[in-house]
Amino acid sequence: MKVSKRADVPPFFAMEVLRMANTKAAGGDTVFRLEAGEPGSGTPRGVLEAAHAALDRAHLGYTESLGLPALRQRIARHYLDYYGVTVAPERIIVTTGSSGGFILAFLAAFDAGDRLALVDPSYPAYRNMCAALGINVVRIPAGITERFQPTVELVDSLDPVPEGMIIASPSNPTGTLIERSRLKAIAEHAEARGIRLVSDEIYHGITYGERAETVLKFSDRAIVTNGFSKYFAMTGWRLGWLVLPTELIRPVERLAQNFFISPPAIAQFAALAAFDCSAELDANVERYARNRALLMKTLPEAGFGEFAPCDGAFYIYADVSRLTNDSEEFCQRMLHEAGVAATPGIDFDRERGRHFVRFSFAGPSEQIEAACDALKRWLR
Ligand SMILES: Cc1ncc(COP(=O)(O)O)c(C=O)c1O
């Protein structure tokens, strides 16, 4: 019987490496895990306590489709506290992970056949979700000179003008930021040209110098996607949020009612406490910073090529063209011979990604130290 063409999307190679690494570890081999973009620290204590209290006391049924009003208000307060931006709670929609937010945002803002521009390299789900939804992806190839981020000139050169564009700052896989002035220029350009800008801000809070700025400072027509998986270290709770321009609230509400009914109740009650866990969460960021410094020193020593110093997130996207032409085969060898799991660049850039590997340093520092030693021995 029929299997749809729309389901024929490429796999997420990071998850394939994760499976191979699990198999190898289950066979008794030592594996250093630098493949998954997941905080190694686990859920913050205050969130766990709030979840326990909710299990005892809350009625964990469906919530409103747009999320618990108290959580929408708490997220709005976070915008005021953290960025100094006033956002009405009505514009905040709680979603099932930011992944669930993308589906709602893409469906509400774009029709099949519309064009969505994104930079290569980018988080693969953007392009693969678009493929499934019939949205055409327009690639903006950016290299190390642009720090793997779009510029106004690159966006302006797109012909025809796309209906939408997605940006991520800090980015996965490169960790680079779009600096404030460039973000402002891109947001203003997008608004002037009628391009619906989607700003993926999931790595905000994890930066190693300048803080990441929200696009909401420069545009109230842009869509923001964010969530509790990265800074808040709550991957498995599957909770995210959107900040929407007013004209998209009702369309997203109708879609959310039909697609998801509501985001998970227990996760929403628990997440109410997440904004008060900054001491623990900032300590995670300090650990990432130490891991980052070690990898930035070790990778060139071991023989890896150039990479843009990551300003945020927990990734280094290293050029491996001196070592291989085929990053997928290289990652498999690195896993089997050195015991280091990392993600091939083809996940993020189908063409140039053959020459890149992404290392995630979100894990425990001992793992990163051991991986650095193993890489040096392997490539000696
Ligand atoms: C750039 C980016 N956006 C979104 C996500 C999805 O996160 P979640 O669905 O867990 O919120 C990820 C996960 O790795 C990511 O790297």
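Our subject is the structure that appears above.
Residues numbered from 1 in each chain as written. Predicted model: local features only at pLDDT ≥ 70, side-chain atom pairs only at ≥ 80, totals over all residues. Heavy atoms only, no water.

Caption draft 1: Region of interest: the sheet that holds strand 4 (residues 136-141). Taken together, 7 strands build an open sheet; the order of strands is 2-8-7-6-5-3-4 and the sheet is mixed. Across the chains shown, the open sheet's two edge strands, defined by having one partner strand only, are strand 2 (92-95) and strand 4. Here the average twist between neighbouring strands, direction ignored, is 25 degrees. Pairing between strand 5 (residues 164-168) and strand 6 (residues 196-200): 5 bridges, direction parallel. Bridge pairing links Gly164 to Arg196 in strand 6. Where helix 3 (residues 69-83) meets the sheet, its contacts fall on strand 2, strand 7 (223-227) and strand 8 (240-243), and the angle it forms with strand 2 comes to roughly 115 degrees. (Pairing = 2+ DSSP bridges. Helix = DSSP H or I, 4+ residues; strand = E, 2+ residues; numbered from the N terminus. Axes fitted to C-alpha atoms, helices over the stretch in contact; angles between N-to-C directions. Contact = heavy atoms within 4.5 Å.)

Caption draft 2: Seen up close, empty space enclosed by the protein. According to the stated counting rule, one finds 2 cavities of 30 Å³ or more in the structure shown. Considering the residues around the largest cavity, the lining is formed by 13 residues, among which Val119, Pro121, Ser122, Ile167 and Ala168 are closest to the centre. Per-element tally for the lining of the largest cavity: the top contributor is strand 5, with 3 residues. Taken together, the residues of the lining of the largest cavity sort by class into 9 nonpolar, 4 polar and no charged. Within this model, the second largest cavity holds a volume of roughly 40 Å³. Around the second largest cavity sit Ser65, Ile93, Val94, Thr95, Thr96, Leu104, Ala256, Phe260, Ser262 and Pro263, which together line it. Residue contributions to the lining of the second largest cavity peak at 3 residues, all from strand 2. Partitioned by chemical class, the residues of the lining of the second largest cavity number 6 nonpolar, 4 polar and no charged. (1 Å grid on protein atoms, 1.4 Å probe; cavity = no way out; pocket = protein on both sides within 12 Å on 5 of 7 lines; lining within 4 Å. Points joined across faces, edges and corners; volume = space filled by probe spheres on them. Nonpolar A, V, L, I, M, F, W, Y, C, P; charged D, E, K, R; others polar.)

Caption draft 3: Representation of the packing of helix 4 (residues 97-109) against helix 8 (residues 246-259) within the structure. Packing of helix 4 against helix 8 brings their axes to within 9 Å, and their N-to-C directions diverge by 125 degrees. Classified by the angle between their axes, helix 4 and helix 8 sit oblique to one another. Viewed along their axes, helix 4 and helix 8 form a crossing whose handedness is right-handed. Of helix 8, the residues touching helix 4 (which contributes Ile103, Leu104, Leu107, Ala108 and Ala109) are Leu248, Pro251, Val252, Leu255, Ala256 and Phe259. For the contact of helix 4 with helix 8, the per-class residue count stands at 11 nonpolar, no polar and no charged. (Parallel < 35°, antiparallel > 145°, perpendicular 65-115°, else oblique. Left-handed = near helix turned anticlockwise from the far one by under 90°.)

Caption draft 4: A look at the environment of Ala76. Looking at the element boundaries, Ala76 is found in helix 3. Counting along the chain gives 16 residues from Ala76 to Ile92, while the straight-line C-alpha distance between them is 7.2 Å. Excluding residues within four positions of it along the chain, Ala76 makes contact with Val87, Pro89 and Ile92.

Caption draft 5: View of the side chain of Asp114. As for its position among the elements, Asp114 is in the loop between helix 4 and strand 3 (115-120). With no salt bridge to any partner, buried Asp114 finds its closest opposite charge in Arg115, at an N-O distance of 6.4 Å. Among the polar contacts made by the side chain of Asp114, one reaches the main-chain amide nitrogen of Asp111 at a distance of 2.8 Å. (Buried < 20%, exposed > 50% of the residue type's maximum accessible area, 1.4 Å probe, protein only. Lys, Arg positive; Asp, Glu negative; His and termini not counted. Salt bridge = Lys/Arg side-chain N within 4 Å of Asp/Glu carboxyl O. Polar contact = N/O pair within 3.5 Å; in protein donor to acceptor, adjacent residues only side chain to side chain.)

Caption draft 6: Broad picture of the site of the ligand. The ligand sits among 13 residues. The nearest are Ser99, Asn172, Asp200, Tyr203 and Ser229. Contacts to the ligand include Tyr203, whose side-chain N or O atom sits 2.7 Å from an oxygen atom. For the ligand, the accessible surface in isolation is 400 Å², of which the surrounding protein chains cover 93%. Placement of the ligand is best described as lying within the largest pocket. With 4 residues, helix 4 is the largest single contributor of residues to the shell around the ligand. For the shell around the ligand, the per-class residue count stands at 5 nonpolar, 5 polar and 3 charged. (Near = heavy atom within 4 Å. Areas by Shrake-Rupley, 256 points an atom, 1.4 Å probe, with all protein chains shown as cover. Sits in = over half its atoms within 2 Å of the grid points.)

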